[in-house]
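Descriptive structure summary
What follows is the residue order along each chain.
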Amino acid sequence: MTKKRSDTEQTPKWLKTIQLNSWEAELLISALVLYALFQVPDYLDKLALQNFARDSQLHGLFKIIKRAVLLLSFGYILHILVRGMWVASVGMSYVFPGGIDQEKLRFKGKFKKELSNTSSLVKTVLRLEELSSTIYGISFILFGTLVGFGTFFFSLIVSVELVNPVMNEHTVAAILIGIFILFYILISLIVFIDFITNGLFRRWSWSAKWFYYVAIFFRIITLSFLYRRSLLVLISNTKGWKSYLIPLLILTVTFGYVFLNKKQRDNWTEKYLNDSTQPTFLSNNYENLRPGNERLMATIQSDIVNQKTLRVFLKDLSVFNTLYNAEIGVNEDWESLDSKTSSAYLNKWLALKIDSTELKNVQWFNSQHPTTYEYGFTAFADLNEFSRGAHSFSISIDTTGLKENTKQQLIRGDFNQLFISNIHFFYDK
């Protein structure tokens with residue numbers, strides 16, 4: 001006779017106590033981890049920019065990890081909100097154990113029916129307890145899944161790049177490597193099918209024998225050993241066909257999040273562009289005033305310039321890639337251009353002015369910012385012609401020579417130029 005789990009493995013009393021009071025640890029850990037997670041994206045950006053070329057696979061992996069961290073942060077915020085509702089409900093159930101006094105309210109019609117269908121405070125507390133604990137677990141599952149897919153694709157791409165020189169030689173070794181890559185892709189497809197079917201190949205005796213070793217390998221490659229048990233607990237305790245929706249929902253959220261993350265609006269940039277059209281003094285336009293690693297768009301060395309040269313750093317904006325692809329008619333990486341070529345395009349597209357004087361044929365250099373390590377361009381403007389006093393340095397995109405369809409992507413309202421920065425400074429020569 002097969003013994004039930006309850007017969008062979010009794011839950012210790014201390015574990016029951018921890019389970020009942022786990023919300024305390026959850027709230028404490030969520031708050032501490034959430035605070036740390038808020039710091040991680042900027043740290044990852046800086047680490048990736050500082051140590052890896054932006055077109056490298058490692059740089060791409062850092063982007064995926066950053067998105068996973070942001071997704072985990074959202075899950076923890078949601079968990080804390082639900083736990084807050086839970087704590088409030090627990091308090092109310094203690095003070096007012098009878099819940100809503102319907103007779104005193106004397107509601108009529110649908111309002112009365114609505115109150116009758118309302119759950120008691122005890123049931124609300126229990127449901128919020130389940131929901132918050134589930135959110136806590138699912139958040140980490142989604143985080144692990146996203147990072148796992150990132151590490152899997154990273155390992156696959158790196159492997160292909162390593163063997164690519166051999167593949168081009170058309171030798172027997174190249175053929176064997178090609179066959180191995182196709183076999184690896186086929187096995188990956190089988191693992192993917194097993195994932196979305198909640199373990200199809202783990203249920204048959206003939207496949208379980210060989211698939212076990214495949215699963216062990218992919219647990220390491222995708223880091224699924226970190227969240228596999230939590231996922232199996234969730235699936236095995238979900239009734240009927242709903243359990244098959246779990247992997248599909250996980251895939252939808254992870255891949256959908258990556259796609260939507262690319263399309264999301266950059267509110268900071270929009271605010272900066274809007275502020276630049278106003279006579280506003282923005283501290284992040286000056287290297288000597290920028291606090292810490294505050295985000296930047298364009299900077300000069302100081303708000304008071306006592307040198308005869310204005311040193312300008314302009315962040316590599318995504319709009320430049322859009323302009324390049326739209327105007328040249330090719331879909332290539334703007335980032336791959338050398339300084340001479342990018343300088344020629346920037347001089348064609350940008351209008352630089354100090355007050356009303358336009359700066360012509362400025363030489364731009366591809367560069368990285370010395371403290372934030374963001375990619376961009378550095379240029380130098382001669383101030384000898386300008387008098388001592390307050391001036392404004394402006395950067396905008398001139399759309400007059402652009403194609404009509406490109407203009408439509410850039411023009412806002414009736415403006416003929418897309419304003420980027422307006423930097424006020426005092427020239428103290």
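Residues numbered from 1 in each chain as written. Predicted model: local features only at pLDDT ≥ 70, side-chain atom pairs only at ≥ 80, totals over all residues. Heavy atoms only, no water.

On to the overall build of the chain, then. Per the secondary structure count, the chain includes 15 helices and 9 strands. In the chain, which comprises 429 residues, the proportion classed as buried is 36%. Considering only residue pairs separated by 6 or more positions, the chain has 66% of its internal contacts joining residues 24 or more positions apart. (Helix = DSSP H or I, 4+ residues; strand = E, 2+ residues; numbered from the N terminus. Buried < 20%, exposed > 50% of the residue type's maximum accessible area, 1.4 Å probe, protein only. Contact = heavy atoms within 4.5 Å.)

Among all positions of helix α13 (residues 318-328), only Val319, Phe320, Leu323, Tyr324, Asn325, Ala326 and Glu327 are buried. Looking at the buried positions of α13, the neighbouring elements they touch are β3 (309-315), α14 (339-349), β4 (350-354), β7 (375-382), β8 (389-398) and α15 (404-410).

Now for unusual backbone geometry. Even without a glycine there, the phi angle at Asn198 is positive, about 60°. For Asn198, a relative accessible area of 13% puts it in the buried group. Of note in this structure, Tyr373 is not a glycine but carries a positive phi near 65°. With respect to the helices and strands, Tyr373 occurs in the loop between β6 (365-368) and β7.

The predicted model of the chain averages 79 in pLDDT, with 84% of residues at 70 or higher. Mean pLDDT per element in the chain: helix α1 (residues 5-8) is the minimum at 46, and β3 is the maximum at 93. Of the regions scoring below 50 in pLDDT, residues 1-8 engages in 1 contact with residues more than four places distant in sequence or in other chains. (pLDDT = per-residue confidence, 0-100.)

By the element assignment, Ser343 lies in helix α14. Ser343 has contacts with Val362, Gln363 and Trp364, leaving out every residue within four places of it along the chain.

Within β4, 4 of the 5 residues are buried, leaving the element largely enclosed by the surrounding structure. Bridge count for β4 against β8 is 5 bridges, and the pairing is antiparallel. Residue Leu352 lies in a different strand from β8, and its bridge partner there is Ile395. Hairpin geometry of β4 and strand β5 (residues 357-359) is characterised by an intervening segment of 2 residues between the two adjacent antiparallel strands and by a positive phi of about 60° at Asp355. (Pairing = 2+ DSSP bridges.)

Before going further, it helps to examine the pairing of β3. Direction of pairing for strand β1 (residues 298-300) relative to β3: antiparallel, over a ladder of 3 bridges. Counted as the bridge partner of Ala298 is Leu314 from β3. Note: β3 against β7, 7 bridges, orientation antiparallel. In the sheet register, Leu314 faces β7, and the bridge partner there is Phe377.

For the rest of this paragraph, the subject is the sheet that holds β6. One open sheet accounts for 4 strands, arranged β1-β3-β7-β6; its pairing is antiparallel. Edge positions in the open sheet fall to β1 and β6, since each of these has one partner strand only. Looking at each pair of strands side by side, their axes are set apart by 35° on average, direction ignored. (Axes fitted to C-alpha atoms, helices over the stretch in contact; angles between N-to-C directions.)

Another point: the packing of α13 against α14. Where α13 contacts α14, the two axes come as close as 12 Å, and the packing angle between them is 90°. With respect to their mutual orientation, α13 and α14 come out roughly perpendicular. Residues Phe320, Leu323, Tyr324, Glu327 and Ile328 of α13 touch α14, and the partners they reach there are Tyr345, Leu346 and Trp349. Looking at side-chain class alone, the contact of α13 with α14 contains 7 nonpolar, no polar and 1 charged residues. (Parallel < 35°, antiparallel > 145°, perpendicular 65-115°, else oblique. Nonpolar A, V, L, I, M, F, W, Y, C, P; charged D, E, K, R; others polar.)

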